[in-house]
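Residue strings, one per chain:
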Amino acid sequence: MKVQLLLYFVFLTILFSTGNANKNPYAGGVSIQLTNACDGTIWPGVRTKTGHIVTPTGFKLEPEEIYNLEVPDSWSGTIWARTGCSGNPNSGNSYYKLDLRYGFNMGVSLTPLDSNCRKIPCIKDITLQCPNGLALYSKDAIKVACKSACYTSGEPKDCCTGYYASPEKCNLNEYTSLVETTCPAAVSSAFDQTHFSCSGGTSFME
């Protein structure tokens, strides 16, 4: 199973565990427990990359509310959270990464409960170090989040598309340099292949 954790201006706690055949509609499936650890309401989104398209693709979570998302063992996709709204199935491994390609708003770490697996730490809040042109501000003019250069400009040079769509031409920019310096184990750009794997059935805490 492959799960991509996409941090998008919100804090979300996720626990991965082996699914129970009596509860999970998918044989040998996995249950992903999402807990809203924020002070306000969030709206998690789910996007399937490969495998059976799981539903719902979006739902509401109040503070401290928990939702168990059931997915097939062969599922690969992205889970992210929104605010302000009105793999390899035969390997027996779970593949995981901390994806900061689109933005950042607070320190976080992804910790496998199996001590033999690699922890991905990014506990330093880099929001205050965010370049002014990439920062999101509160109504009090305080930096509250940092957008990536690609998300901000959409330019091929920042997004590593078009002429820049290769590892050789996809150069660091002010956002990716900041992420790589402070959170080197996290994914920061389109051609950043940083990811880790753990034996099947391993649980994770974020």
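Above this text is the structure in question.
This is a predicted model, so every value here is computed, not measured. (Residues numbered from 1 in each chain as written. Predicted model: local features only at pLDDT ≥ 70, side-chain atom pairs only at ≥ 80, totals over all residues. Heavy atoms only, no water.)

Visitor: Tell me about the side chain of Asn173, and name the residues and values.
Guide: Within the element layout of this structure, Asn173 appears in the loop between helix H2 (156–159) and helix H3 (174–182). Accessibility expressed as a relative area gives 14% for Asn173, which makes it buried. In terms of polar contacts, Asn173 uses its side chain to reach the backbone amide nitrogen of Tyr175, at 3.0 Å. Contacts of Asn173, omitting those with residues within four sequence positions, involve Ala149 and Asp158. (Helix = DSSP H or I, 4+ residues; strand = E, 2+ residues; numbered from the N terminus. Buried < 20%, exposed > 50% of the residue type's maximum accessible area, 1.4 Å probe, protein only. Polar contact = N/O pair within 3.5 Å; in protein donor to acceptor, adjacent residues only side chain to side chain. Contact = heavy atoms within 4.5 Å.)

Visitor: Go over the state of the cysteines, please, and point to the residues and values.
Guide: Under the counting rule described, the total for this entry stands at 4 disulfides. Between Cys122 and Cys183 runs a disulfide, and the two sulfur atoms are separated by 1.9 Å. Measuring the twist about the S-S bond at about 70 degrees, one finds the Cys122-Cys183 disulfide to be right-handed. Taken as a pair, Cys122 in strand S10 (residues 120–122) and Cys183 in the loop between H3 and strand S13 (196–199) lie far apart in primary sequence, 61 residues in all. Under the relative-accessibility criterion, Cys183 is labelled buried at 0%. Here Cys130 is linked by a disulfide to Cys146, with a sulfur-sulfur distance of 2.1 Å. Where Cys130 bonds to Cys146 through sulfur, the torsion about that S-S bond is close to 75 degrees, and the disulfide is right-handed. Here Cys130, found in the loop between S10 and strand S11 (135–137), pairs with Cys146, found in strand S12 (residues 143–147); they are 16 residues apart in sequence, far enough to count as distant. Classification of Cys130 as buried rests on a relative accessible area of 2%. A relative accessible area of 0% means that Cys146 is categorised as buried. (Disulfide = S-S within 2.5 Å.)

Visitor: How would you sum up the sheet that holds S11? Please name residues and give values.
Guide: Strand order in the open sheet formed by 3 strands is S8-S12-S11, and the pairing between neighbours is antiparallel. Lying at the two open borders of the sheet, with one neighbouring strand each, are strand S8 (103–104) and S11. Pairing of S11 with S12 involves 3 bridges; the strand directions are antiparallel. Residue pairing in the sheet places Leu136 in a bridge with Ala145 of S12. (Pairing = 2+ DSSP bridges.)

Visitor: Explain the pairing of strand S9 (residues 108–112) residue by residue, including any values.
Guide: With 4 of its 5 residues buried, S9 lies for the most part within the structure. Looking at chain direction, S9 and S10 are connected through 3 bridges and run antiparallel. Paired with Leu110 across the two strands is Ile120, which belongs to S10.

Visitor: Please give an account of the pattern of salt bridges that cites residues and values.
Guide: For the structure shown, the criterion picks out 2 salt bridges. In this structure, Arg101 engages Asp99 in a salt bridge whose closest nitrogen and oxygen atoms are separated by 2.7 Å. The partly exposed category is assigned to Arg101, whose relative accessible area is 22%. The exposure class of Asp99 is buried, given its relative accessible area of 0%. (Salt bridge = Lys/Arg side-chain N within 4 Å of Asp/Glu carboxyl O.)

Visitor: Go over the environment of Leu34, please, and point to the residues and values.
Guide: Locating Leu34 in the fold gives a position in strand S3 (residues 30–35). Look at Leu34 and you get buried, because its relative accessible area is 0%.

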